[in-house]
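# Inside the fold
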Amino acid sequence: MTPFELAEKILAEGRSETEHRAAASRAYMAVFQHLLFHRTLARFPATRSGEDHRLLIAYLKNRREEPYHTIGMRHLPRLRVIRNRADYDLARSFPRYLAEESVDRASEIIHVLLP
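Below you will find a few notes about this structure.

### Quick look at helix 5 (residues 96–113)
Between its first and last C-alpha, helix 5 extends 24 Å over 18 residues, near the 26 Å set by a 1.5 Å rise per residue. Residues Leu 98, Ala 99, Ser 102, Val 103, Ala 106, Ile 109 and Ile 110 constitute the buried set of helix 5. Buried residues of helix 5 fall within an arc of 135° about the axis and therefore sit on the same side. Exposed residues pointing more than 90 degrees away from the buried face of helix 5 are listed as Tyr 97, Asp 104 and Val 112. Lining the buried residues of helix 5 we find helix 1 (3–13), helix 2 (17–36) and helix 4 (68–88).

What follows is the structure, encoded as structure tokens:
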């Protein structure tokens, strides 16, 4: 099972806020890993640290060709905001629609924009 398939499974079967958070987190990480290992992004200077999340967004923003620029400007930052809320902002509720948004956006990136 791929990380994205796991996110889909958690969302499909999940009924609790904890499961919605897990689905959103897995969806972000599926996209992040997909991008790190994508053949067209081989020149991204990964540091193998937590900084790679910020650095990858900046790298994609600086690439002017599509779909990289749009992924860096809109899609990946939005997924990261949702993932950070899911993983770190436990005082705020986490509605299912955020998990759905994450899984839908991850699917678009992985299967349509940059397969």
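### Comments concerning the packing of aromatic side chains
Throughout the structure, instances matching the rule amount to two aromatic pairs. Ring geometry for Tyr 28 against Phe 32: centres 6.0 Å apart, planes inclined by 15°, an arrangement best described as stacked. Note that Tyr 28 and Phe 32 are positioned in helix 2 at a spacing of four residues, about one turn of the helix. Here Tyr 28 matches Phe 32 in class, with each residue buried. Between Phe 44 and Tyr 59, the ring centres sit 5.4 Å apart and the planes meet at 65°, which makes this aromatic pair edge-to-face. Of the two residues, Phe 44 sits in the loop between helix 2 and helix 3 (52–62) while Tyr 59 sits in helix 3, which places them 15 residues apart along the sequence. Taking the relative accessible area as the measure of exposure, Phe 44 reaches 9% and is therefore buried.

Scoring rules and cut-offs
Residues numbered from 1 in each chain as written. Predicted model: local features only at pLDDT ≥ 70, side-chain atom pairs only at ≥ 80, totals over all residues. Heavy atoms only, no water. Helix = DSSP H or I, 4+ residues; strand = E, 2+ residues; numbered from the N terminus. Expected span 1.5 Å × (residues − 1). Buried < 20%, exposed > 50% of the residue type's maximum accessible area, 1.4 Å probe, protein only. Arc of directions from axis to C-beta. Contact = heavy atoms within 4.5 Å. Phe/Tyr/Trp six-rings, centres within 6.5 Å; stacked < 30°, edge-to-face > 60°.

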